[in-house]
Structure formats: C-alpha cells, structure tokens
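In case you want the letters, here they are:
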Amino acid sequence: MDAVRLMNRCDTKFILPLHQLAEVMERVAGHYFILEIGGRRIASYETVYYEWPSGRFYLDHVNGKLNRHKVRIRKYVESRIQFLEVKRKTNTGKTKKFRMCLEEGTAGLTEEGMAFLRGYISGDVVQLRAVMVNRFRRITLVNREMTERVTLDVDLGYADLTGKYPITLPGLVIVEVKQERFSSSYIKSILRDLRVKSQGISKYCLGMTLLGLARKTNNYKRKIRTIQKITSNGIIA
C-alpha cells in the first residue's frame, strides 16, 4: 500500500446508493487488490475537522477557489493510529496531502502540531478551532498495476462537538478514484456502464451543511437533494 500512497494526486468522485455496492464489488473483482488489516476488509475512520472563525476553509471550497486547504485530525480506529493532516487543492486541480503522526491519545492541536501547520497554511493557526466530527467505514482497493487507489466510504455520520445532533447517511456510498493523473480506469468504466456520473463532493462541506454550521449553503443543499434522490431520502437526524 505504501507504493500507492498517492499523496499528490488527481481525484474523481462518485455517489452510489448502497444497494449498488455489491454489484460494483463483484464486477471489479479480479482487477483490484483489497486492503485487509487484521482479517478486516472494511476499516473505521474518525475525523475531526478544524476551521477558521471566518469559515474560510468552507467558503474557499464552495467558491471554487484553488490553492485551498483543509485541516483535520484523522484516526484509523482499528489501527489506533492518528495523523494531523493538511489537504491542499492546487491551481492545477491536484490534491496534495501532508501529515504528521500523532501519539495515541493526543487531542486537539499541540504546539508541535501548530508548528507543522505553519509550514503549509497562512494565518494565525492558534485561531483554528475544531468544528465537526465525521465517522465512516472504508473499503480500499488498489489496481493490479499499482497506479490507482480507490476508496469506498459507507455508513457516513456527522456530529457537532457536543455530539447532541448526530446525522447519518446510511444509504450512501462515496467512491473516490485516486490517480497520479486523470486517466482511464476499470472501475470508472464499470460506473459509467451503471450510468453513475462523476461529481464533486466534499465530506467536510456536506457535514458542515447538514449540521447547520456553514454559511452560503445553497450549493451543498443542491447536493443534499441529489443524495436524497440517490439514496431514497436516506438521511437520518
């Protein structure tokens, strides 16, 4: 898997209803390896997102600004590993990810973590605040040529930091195809055969909109309506 980390990559995203996942997996079998850890082929993730008081990360995304960033702490639940991560969307449309490993049990941004962030984003990082928690489970595939990584995220859930208002999307699958450059792909061809079109979606922006934590939400409200159609209104608050 280390050979296909793709920390500098092009992303193509798709939305599926959960009932199509089995067919997709059956049709790509034989063309992809599947990541297995400790006998498990589906892994749990927990992500805490950070934002400026102005909501700049969210607004940059919905406004289509390039050279934009997101800051998060992502925990790989079964592995008990967590990273502080910066994701950057460049002006060429590529996604770059930078991360530092955190000791188990680390909560929030430490002085070391803020020093790391200063190397990648502008602004007073002391002002960054945790705003939202996202949980999901993930299947990870790698093609046999070792040039492409595919993630399939299910059981998405969101909560604010109080945990009082959880929202889940049980009928949704987010597929992300990660490549060094945009190119043909076996799973892309399967999705095209199933009449599934690629579309931009951010789990962060989706959660911020669903939880009522963001301004300028019209764009993502449209995406939520699309998700409701695809998943037969599968959003549970």
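Residues numbered from 1 in each chain as written. Predicted model: local features only at pLDDT ≥ 70, side-chain atom pairs only at ≥ 80, totals over all residues. Heavy atoms only, no water.

Trainee: Hey, could you go over the overall build of the protein chain for me, with residue numbers and the actual values?
Mentor: Summing up its helical and strand segments, the protein chain has six helices and ten strands in all. Expressed as a percentage of the 237 residues in the protein chain, the buried residues total 49%. Taking the intrachain contacts of the protein chain between residues at least 6 apart in sequence as the baseline, contacts between residues at least 24 apart amount to 67%. Accessible surface for the protein chain amounts to roughly 12,100 Å². Of this, 49% is attributable to carbon and sulfur atoms. Averaged over its 43 positive side-chain charges, the protein chain has a centre that lies 7 Å from the centre of its 23 negative ones. (Helix = DSSP H or I, 4+ residues; strand = E, 2+ residues; numbered from the N terminus. Buried < 20%, exposed > 50% of the residue type's maximum accessible area, 1.4 Å probe, protein only. Contact = heavy atoms within 4.5 Å. Areas by Shrake-Rupley, 256 points an atom, 1.4 Å probe, with all protein chains shown as cover. Lys, Arg positive; Asp, Glu negative; His and termini not counted. Charge placed at Lys NZ, Arg CZ, Asp CG, Glu CD.)

Trainee: Tell me about the layout of surface pockets, residues and numbers included.
Mentor: Within this model, the largest pocket holds a volume of roughly 1,100 Å³. Every residue lining the largest pocket is counted, 50 residues in all, and those nearest its centre are Arg9, Arg74, Lys97, Arg138 and Lys178. No other element matches the six residues that strand S4 (residues 68–76) contributes to the lining of the largest pocket. Computed from the structure, the second largest pocket encloses a volume of approximately 210 Å³. (1 Å grid on protein atoms, 1.4 Å probe; cavity = no way out; pocket = protein on both sides within 12 Å on 5 of 7 lines; lining within 4 Å. Points joined across faces, edges and corners; volume = space filled by probe spheres on them.)

Trainee: For the packing of helix H5 (residues 203–210) against helix H6 (residues 218–230), give the residues involved together with the corresponding values.
Mentor: Between H5 and H6, the least distance of the axes is 10 Å, while the angle of their chain directions is 95 degrees. The angle between H5 and H6 falls in the class roughly perpendicular. Each of Cys205, Leu206, Thr209 and Leu210 in H5 lies in contact with H6, whose residues at this interface are Tyr220, Lys221, Ile224 and Ile227. (Axes fitted to C-alpha atoms, helices over the stretch in contact; angles between N-to-C directions. Parallel < 35°, antiparallel > 145°, perpendicular 65-115°, else oblique.)

Trainee: Describe the environment of Ile81, and please don't skip the residues or the numbers.
Mentor: Mapped onto the elements, Ile81 comes out in strand S5 (residues 81–89). Spatially, the C-alpha atom of Ile81 lies 30 Å from that of Pro17, the residues being 64 residues apart in sequence. Residues within four places of Ile81 in sequence aside, it is in contact with Arg74, Lys75, Tyr76 and Cys101.

Trainee: So what's going on with H6? Residues and values would help.
Mentor: For an α-helix, the turn length of 3.6 residues means that residues three or four places apart are oriented alike. If you check H6, its first and last C-alpha atoms are 19 Å apart, about what 13 residues at 1.5 Å a residue would give, namely 18 Å. Buried within H6 we find Tyr220, Lys223, Ile224 and Ile227. Here the buried residues of H6 occupy an arc of 105 degrees about the axis, which is enough to place them on one side. The exposed set on the far side of H6, more than 90 degrees from its buried face, consists of Asn218 and Lys229. (Expected span 1.5 Å × (residues − 1). Arc of directions from axis to C-beta.)

Trainee: I'd love a proper account of the nonpolar core, names of residues and values included.
Mentor: One broad trend across soluble globular proteins is that nonpolar side chains are buried collectively. Ranked by size, the top nonpolar core spans 26 residues in total, and within it Tyr58, Tyr158, Leu169 and Leu206 carry the most contacts. Only strand S3 (43–51), helix H2 (56–62), strand S7 (129–143), strand S8 (148–159), strand S9 (167–169), strand S10 (172–179), H5 and H6 provide two or more residues apiece to this core. By residue number, the principal contributor to this core is H5, which donates five residues. Dropping the residues within four chain positions of it, Tyr158 is found in contact with Met132, Val133, Asn134, Tyr165, Pro166, Ile167, Leu169, Lys203, Leu206, Gly207, Leu210 and Leu211. Val173, Leu191, Leu194 and Val196 belong to the second largest nonpolar core, which has 19 residues in total. (Core = buried A, V, L, I, M, F, W, Y, C linked by side-chain atoms within 4.5 Å.)

Trainee: If you had to explain the packing of aromatic side chains to someone new, which residues and values would you point to?
Mentor: Inspection of the entire model under this criterion finds seven aromatic pairs. Site record: aromatic cluster; members linked through ring pairs are Tyr45, Tyr76, Phe83 and Phe136. One residue, Arg138, lies across the ring of Tyr45, its end atom 5.0 Å from the ring centre. Lying across the ring of Phe33, Arg144 places its NZ or CZ 4.5 Å from the centre. (Phe/Tyr/Trp six-rings, centres within 6.5 Å; stacked < 30°, edge-to-face > 60°. Lys NZ or Arg CZ within 6 Å of the ring centre and 35° of its normal.)

Trainee: Go over the pairing of S4 with me, naming the residues and quoting the values.
Mentor: Where burial is concerned, most of S4 is hidden: eight out of the nine residues are buried. Bridge count for S3 against S4 is six bridges, and the pairing is antiparallel. Paired with Glu46 across the two strands is Lys75, which belongs to S4. Looking at chain direction, S4 and S5 are connected through nine bridges and run antiparallel. The residue of S5 that forms the bridge with Arg74 is Phe83. Between S4 and S5, which follow one another and run antiparallel, lie four residues, and Arg80 among them has a positive phi close to 60 degrees. (Pairing = 2+ DSSP bridges.)

Any link to function would need more than the numbers given here.
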